[in-house]
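Topology and contacts: notes
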Amino acid sequence: MTETLRLYPPAWMMTRAVRQDTELGGVRLKGGSTIVLSPYLLHRRADLYPEPDRFDPDRWLGGQPDRAAYIPFGAGARKCIGDQFALTEAILALTAIVARWELTPVGDQPFEPKVETSLSSRGLRLRISERRTSGTGDAGLHAATPRSAPAQPSTPAHPSTPPGAGGCPVKHEE
Ligand code: HEM
């Protein structure tokens, strides 16, 4: 998640109003002007991130991102108030999906972000296929048995759940 937000910060630019004449990083700024800063450009600086365009989640193994060099949620007084919520939600959604489904790019079109007020995808076509597990049945998210796996008795999520219904609200084609 950290590496994805480094390469594709949805808020790829933000602004700040300069309240009075000042100097920032050797640049003189006039009071009343607006400056634009871009997490996208900052996150791709080679002096901060070796091979900056490469998707390399392992680059974060050494520890937490440097707050000054990593600002997908902004910084300072106007920093995003939903950052922890957004991260938790994204990780939960992603793990729920990839625990069961394998996502494969359809076609050979490279991924390109769509540049709008916030960054999103230009359309990413994926094929969703059921993961084949070698374990003993369901991991808990769903009770449906992978097509090719030997039939396992499904474990209802709750004693009141009818047999075979599992605990998942999503209807699956079997
Ligand atoms: C991946 C998801 C998200 C990203 C990348 C993101 C990013 C940002 C950024 C860059 C800012 C501007 C910060 C600045 O100017 O320094 C911002 C502001 C804000 N965000 Fe988020 N955000 C996300 C999700 C959310 C969520 C889920 C909520 C609410 C539940 C939220 C609520 C806000 C609010 C209210 C502000 C304005 C804060 C202020 O101006 O004082 N954001 N966000």
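Here is a short report on the structure shown in this document. (Residues numbered from 1 in each chain as written. Predicted model: local features only at pLDDT ≥ 70, side-chain atom pairs only at ≥ 80, totals over all residues.)

**Some remarks on the overall build of the protein chain**
Counting its regular elements, the protein chain contains 3 helices and 8 strands. For the protein chain, the α and β elements follow one another from N to C terminus as α-β-β-β-β-α-α-β-β-β-β. A burial count over the protein chain gives 7% of its 174 residues as buried. Taking the contacts inside the protein chain whose residues are at least 6 apart along the sequence as the reference set, 45% of them involve residues at least 24 apart. (Helix = DSSP H or I, 4+ residues; strand = E, 2+ residues; numbered from the N terminus. Buried ≥ 20, exposed ≤ 12 C-beta atoms within 10 Å, placed from the backbone. Contact = placed C-beta atoms within 7 Å.)

**Things to note about the pairing of strand 8 (residues 126-130)**
Strand 8 sits mainly on the outside: 0 of its 5 residues count as buried. In the sheet, strand 5 (residues 101-105) pairs with strand 8 via 5 bridges, with the strands oriented antiparallel. When the bridges of strand 8 are listed, P105 appears paired with L126. (Pairing = 2+ DSSP bridges.)

**Quick word on the environment of L48**
Positionally, L48 belongs in the loop between helix 2 (39-43) and helix 3 (83-98). Given 15 C-beta atoms within a 10 Å radius, L48 is considered partly exposed. Residues L48 and Y70, 22 residues apart in the sequence, show an inter-C-alpha distance of 9.6 Å.

**Quick notes on helix 3**
Counted at 1.5 Å a residue, the expected span for helix 3 with its 16 residues is 22 Å, and the 22 Å between its end C-alpha atoms agrees. With respect to burial, helix 3 is a largely exposed element, only 0 of its 16 residues being buried. (Expected span 1.5 Å × (residues − 1).)

**Considering unusual backbone geometry**
Positive phi, normally seen in glycine, also occurs at E51, with a value near 45 degrees. For E51, the position within the fold is in the loop between helix 2 and helix 3. A count of 9 C-beta atoms within 10 Å places E51 in the exposed class.

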